[in-house]
Amino acid sequence: MSEKPEAAGRKPIAENRNARRLYEFTETLEAGLALQGSEVKSLRDGRVSFKDGYVDVRNGEAFLVGVHIAPYEKTSLFDRPDPERPRKLLLHRREIDRLQAKAEQKGLTIIPVRLYFTRGRVKLEIALAKGKKVHDRRDDLKQKDIARDTARQLAQYNK
């Protein structure tokens, strides 16, 4: 099995599975994260939870808020950072301004989608997203059920 060219060299850490269910993505972007050393070690173990994570833009800087990175066990108690602390996103000024303008004008939100390593650096894929209504989620479930049923019938037919 071959990987997509843009995914080559990426080592996945975690994915926000709930995001695709609750939001409709309009645009995605890659950002770096300002982390401490023990947080990177914890990420290598995959100890991260997106739960209620979002991106907040204040004073011209973007911060990842609400994402829990568990403390690394082998770090001293004095050096452990707060697992829920806001983490600065490394983006260009024009990218931050464009994201903030779109989020304010269109009523969109910026959410974290996926964490991964690229060439030893932690990268975060963020998305401009619009919240789905309940009936939209139901339509998505209905489409999945129809696709699964047709795949079953085709597999049965091709035997």
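All residue numbers here refer to positions counted from 1 along the written sequence of the relevant chain. Only residues with pLDDT of at least 70 are given local features in this predicted model, and only at 80 or more are side-chain atom pairs given and counted; all residues enter the totals for whole chains, interfaces and linings. Each side-chain value is worked out from all heavy atoms of the structure, with water and hydrogens disregarded.

Looking at the overall build of the chain
The secondary structure content of the chain amounts to four helices and nine strands. Here a strand is any run of E in DSSP of at least two residues, a helix any run of H or I of at least four, and the numbering for each starts at the N terminus. Along the chain, from the amino end to the carboxyl end, the secondary structure elements read β-α-β-α-β-β-β-β-β-α-β-β-α. Each principal axis of the C-alpha atoms in the chain carries an extent, and together these give about 60 × 40 × 30 Å. Residue burial is assigned from relative accessible area. The probe radius is 1.4 Å, only protein chains are included, and a residue is buried under 20% of its type maximum, exposed over 50%, and partly exposed in between. Looking at the chain residue by residue over its 159 residues, the buried ones come to 34%. For accessible areas, the Shrake-Rupley method is used with a probe of radius 1.4 Å. Any residue's cover is judged against the shown protein chains and nothing else. Accessible surface, the chain: about 10900 Å² in total, of which carbon and sulfur atoms supply 49%. His is not counted here, nor are the chain ends, while Lys and Arg score as positive and Asp and Glu score as negative. Positions of charges follow a simple convention, taking NZ of Lys, CZ of Arg, CG of Asp or CD of Glu. For the chain, the separation between the mean place of its 35 positive charges and that of its 24 negative charges on side chains is 3 Å.

Thoughts on empty space enclosed by the protein
Grid points spaced at 1 Å and placed over the protein atoms alone form the basis of the search, with a cavity being a set where a 1.4 Å probe fits but cannot get out and a pocket an open set showing protein on both sides within 12 Å along at least five of seven lines. Lining residues have an atom within 4 Å of a point. Grid points are joined across faces, edges and corners, and a volume is the space filled by probe spheres set on the points. One pass over the full model with this rule turns up one cavity of 30 Å³ or more. Ser38, Glu39, Ile69, Ala70, Pro71, Tyr72, Pro81, Asp82 and Pro83 are the residues that line the largest cavity. Split into classes, the residues belonging to the lining of the largest cavity amount to six nonpolar, one polar and two charged. All amino acids are sorted into three groups, where Ala, Val, Leu, Ile, Met, Phe, Trp, Tyr, Cys and Pro are nonpolar, Asp, Glu, Lys and Arg are charged, and the leftover types, Gly among them, are polar.

Observations regarding the pattern of salt bridges
Counted as salt bridges are all cases of a side-chain nitrogen of Lys or Arg within 4 Å of a carboxyl oxygen of Asp or Glu. Within this structure, the stated rule accounts for 13 salt bridges. Arginine 85 is paired through a salt bridge with glutamate 39; the nearest N and O atoms lie 2.7 Å apart. Of this pair, arginine 85 sits in the loop between strand E6 (68–69) and strand E7 (87–90) while glutamate 39 sits in helix H2 (residues 37–44), and the two are 46 residues apart along the sequence. Neither arginine 85 nor glutamate 39 differs from the other in exposure class; each is buried. Among the salt bridges present, the one from aspartate 56 reaches arginine 58, with a minimum N-O distance of 2.9 Å. Take aspartate 56: its relative accessible area is 25%, and that puts it in the partly exposed class. Through salt bridges with shared partners, one network takes in Glu27, Arg98 and Lys102.

Regarding the sheet that holds strand E4 (residues 54–58)
DSSP bridges decide pairing: two strands pair if at least two such bridges lie between them. Pairing is antiparallel across the open sheet formed by seven strands, whose spatial order is E1-E8-E9-E2-E7-E5-E4. The open sheet terminates on both sides in strands that have one partner only, identified here as strand E1 (10–15) and E4. When the angles between neighbouring strand axes are averaged without regard to direction, this sheet yields 45°. Pairing of strand E8 (residues 109–118) with strand E9 (residues 121–131), which is carried by nine bridges, proceeds in the antiparallel orientation. The residue of E9 that forms the bridge with threonine 109 is alanine 129. It only takes one pair of heavy atoms within 4.5 Å for two residues to be counted as in contact. Lines are fitted to the C-alpha atoms to define the axes, a helix being fitted only along its stretch in contact, and any angle between axes, read from their N-to-C directions, falls within 0 to 180 degrees. Each of E1, E7, E8 and E9 touches H2; the most contacted strand, E8, lies at about 80° to it. Helix H3 (residues 93–106) contacts strand E2 (23–33), E4, strand E5 (61–65), E8 and E9 of the sheet and is inclined by roughly 155° relative to E2.

Section: the side chain of lysine 132
Looking at the element boundaries, lysine 132 is found in the loop between E9 and helix H4 (134–157). Given a relative accessible area of 16%, lysine 132 falls into the buried group. Beyond its immediate stretch of four places on either side in the chain, lysine 132 contacts Arg20, Arg21, Leu22, Tyr23, Glu24, Arg137 and Asp140.

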